[in-house]
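# Understanding the architecture of this molecule
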Amino acid sequence: MKPRTEKSLELFDILMDRGYPESFCYEVTLNLNTDWTAQRMIGYLSHYEKIPMEDVADEVLAILSHRNQIMQKKQREEVNARWNRYLMEGFGEDD
């Protein structure tokens, strides 16, 4: 896994300040280890004072699922762009 980012470390501190166990905070930030994913969780937490750990874990899974959907969409767009380039230009061989 990637090392945790500054936002991920900020998320760790927020979770610790709210009284979640250190091992739980560590696992959450280990999985939300990019600025984008950590910021999404920080935004979610900002709407509530105290959330059950199960709800935080569910939100982690939702954020990761959304991130994976975005990554898959970008991969499909790249494949489609290559396919369109092939249709327009062929393999570069003269007939």
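Look up a bit, the structure's there.
Remember, predicted model here, so these are calculated numbers, not experimental data. (Residues numbered from 1 in each chain as written. Predicted model: local features only at pLDDT ≥ 70, side-chain atom pairs only at ≥ 80, totals over all residues. Heavy atoms only, no water.)

## A short note on helix H3 (residues 35-45)
Three or more residues of H3 are buried, namely Thr-37, Ala-38, Met-41, Ile-42, Tyr-44 and Leu-45. Axial view of H3: buried residues confined to an arc of 160°, hence all on one face. Buried residues along H3 sit in contact with helix H1 (6-17) and helix H4 (53-89). (Buried < 20%, exposed > 50% of the residue type's maximum accessible area, 1.4 Å probe, protein only. Helix = DSSP H or I, 4+ residues; strand = E, 2+ residues; numbered from the N terminus. Arc of directions from axis to C-beta. Contact = heavy atoms within 4.5 Å.)

## Things to note about the environment of Leu-87
With respect to the helices and strands, Leu-87 occurs in helix H4. Between the C-alpha atom of Leu-87 and that of Met-71, which follows or precedes it by 16 residues, the distance is 24 Å.

## Details of the pattern of salt bridges
This structure, assessed with the given rule, holds three salt bridges. Among the salt bridges present, the one from Glu-77 reaches Lys-73, with a minimum N-O distance of 3.0 Å. Here Lys-73 and Glu-77 lie together in helix H4, a separation of four residues that amounts to about one turn. Its salt-bridge partner being Glu-78, residue Arg-82 comes within 3.2 Å of it at the nearest N-O pair. Within this pair, Arg-82 and its partner Glu-78 are both found in helix H4, separated by four residues, close to a single helical turn. (Salt bridge = Lys/Arg side-chain N within 4 Å of Asp/Glu carboxyl O.)

## Considering the packing of H1 against helix H2 (residues 22-31)
Their axes nearest at 9 Å, the elements H1 and H2 cross at an angle of 155°. With respect to their mutual orientation, H1 and H2 come out roughly antiparallel. The handedness of the crossing between H1 and H2 comes out as right-handed. Contacts between H1 and H2 pair Ser-8, Leu-11, Phe-12, Leu-15 and Met-16 from the former with Glu-22, Cys-25, Tyr-26, Val-28 and Thr-29 from the latter. (Axes fitted to C-alpha atoms, helices over the stretch in contact; angles between N-to-C directions. Parallel < 35°, antiparallel > 145°, perpendicular 65-115°, else oblique. Left-handed = near helix turned anticlockwise from the far one by under 90°.)

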